[in-house]
Amino acid sequence: MMHNALRAEKSEIHLDGHHLSTDEVYRVSTVWEGARLALAEDAILRMKKSLQVKDDLIASGIPIYGVTTGFGDNSSRQISPEKTVALQRNLLRFLRVGTGPVAPDEIIRATMLIRANCAARGHSAIRQEPIHLILEMLHHDILPQIPERGSVGASGDLAPLSYLAASLTGEGTVTYRGERMPAAEALRAAGLQPVELQAKEGLALVNGTSFMSAYLTLAFAEARELAWCAELCTAMAAEVRESSKDQFTAFPHINKPHPGQITSAENIRQILEGSALIGADADLRGGGMGEGVSYLELERGIQDPYSIRCAPHVIGVLRDTLQWSEQWITNEINSSNEPMRWGRSVASGPHGQRCRSARDVSRRRSGRTSGRSPDGGSKMMSAR
């Protein structure tokens, strides 16, 4: 279990698109078997209102991107309402061009949870049924097999998320009870029914950053654990050297007042509290030089090497980075990428620049490349 990463567990998490935390994503994806997940009542109401907006837009006859028009350069081609379902089905088929090894199970679970929560924000014009199915698949641990490579990075996870969306319709391959099998077979074995995606629902599922956010959220949890491990190792090294605890007291750190540094020093000080192997500055100084003595060889140095006494300065940079990147991550996993409103069907876009920036900075500050990021992260999150 990760130190200080898992707060009090809830028997059920209600997704509303506003309050999903990084801790909950970590818990559901890695350590909480049989997660009980549900849509919040207010999320359901917003989703229903968004569906009405979509229906009104379609009925008006105006072109709606990705609903009654094609995608990308084909947005100049409008189709009739009768073809909207086929359009979504074909979207999922032509996007499934991923390659490379399949993403780890915990990444896939995190992707599913984040995608469901983004839909629960209630502005993506998608019905409850596909989202309920995602949550039921998580509960039964039916995991769509998503290749690691294929994202267009800063412009969204269209290809990876198409594998998730396709599994809801019974297409593609999943794992269930440790076996790879067709999605339709796994759903049937679990007593679940595939869904037929309606107008815009394929786009609502693939137009997002949930795959890269999954990598980032779990890497964030690991980086936070790494910070604590570094503090624990610092405390242990100080004990081995029978160092002074005074170098971790508040005074020297509040006068270089970086919050992460202050927090790190406090953590180390708490770990050392009550240790019989740690002393104080006075213990290192000894009795001092007596009268008439011009030179004295001390038994040991009166301060520790930089690697110990300045550890809070270094670890603190990572803690400061985690503090602001957590807000970026939390915002991203509680975001809509294609909210619908009257007169304008696509008001945003699945841009993942903050995911990339947070990942790059966190990787540099932690001094390592997270093994969770395919291609070291740079290719996955490169701009088009």
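Structure report, in brief.

What counts and what doesn't
- Residues numbered from 1 in each chain as written.
- Predicted model: local features only at pLDDT ≥ 70, side-chain atom pairs only at ≥ 80, totals over all residues.
- Heavy atoms only, no water.
- Phe/Tyr/Trp six-rings, centres within 6.5 Å; stacked < 30°, edge-to-face > 60°.
- Helix = DSSP H or I, 4+ residues; strand = E, 2+ residues; numbered from the N terminus.
- Buried < 20%, exposed > 50% of the residue type's maximum accessible area, 1.4 Å probe, protein only.
- Pairing = 2+ DSSP bridges.
- Axes fitted to C-alpha atoms, helices over the stretch in contact; angles between N-to-C directions.
- Parallel < 35°, antiparallel > 145°, perpendicular 65-115°, else oblique.
- Left-handed = near helix turned anticlockwise from the far one by under 90°.
- Contact = heavy atoms within 4.5 Å.
- Polar contact = N/O pair within 3.5 Å; in protein donor to acceptor, adjacent residues only side chain to side chain.

1. Focus: the packing of aromatic side chains
Tallied over the full model, the rule gives 4 aromatic pairs. A centroid spacing of 4.9 Å and a plane angle of 70 degrees characterise the contact between Trp324 and Trp328, whose relative ring orientation is edge-to-face. Of the two residues, Trp324 and Trp328 are both situated in helix H14 (residues 311-332); the distance of 4 residues between them amounts to about one turn of the helix. The exposure class assigned to Trp324 is partly exposed, which follows from its relative accessible area of 34%. In textbook terms, an aromatic cluster arises when at least three aromatic residues are bridged by ring pairs, as seen for Tyr65, Phe71 and Phe94.

2. Quick look at the pairing of strand E6 (residues 173-176)
Two strands pair when backbone bridges link them, and strand E4 (residues 143-144) and E6 are joined in this way by 2 bridges, in the antiparallel orientation. Residue pairing across strands places Pro144 opposite Val174, the latter belonging to E6.

3. What to know about the packing of helix H4 (residues 105-120) against helix H5 (residues 128-140)
Two packed helices can be described by the angle between their axes and the distance between those axes. One way to put it is that H4 packs onto H5 with a least axis distance of 10 Å and a crossing angle of 155 degrees. By the angle class used here, H4 and H5 are roughly antiparallel. By crossing handedness, the relation of H4 to H5 is classed as left-handed. Of H5, the residues touching H4 (which contributes Arg109, Met112, Leu113, Ala116 and Ala119) are Ile131, Ile134, Leu135, Met137 and Leu138.

4. Considerations on the environment of Tyr65
Tracing the sequence through the fold places Tyr65 in the loop between helix H2 (41-60) and helix H3 (84-95). Under the relative-accessibility criterion, Tyr65 is labelled partly exposed at 31%. The spatial distance from the C-alpha of Tyr65 to the C-alpha of Arg77 is 9.6 Å, given a sequence separation of 12 residues. Within the structure, Tyr65 has its side chain in polar contact with the backbone nitrogen of Gly72 (distance 2.8 Å).

By themselves, these observations are geometric and do not establish any function.
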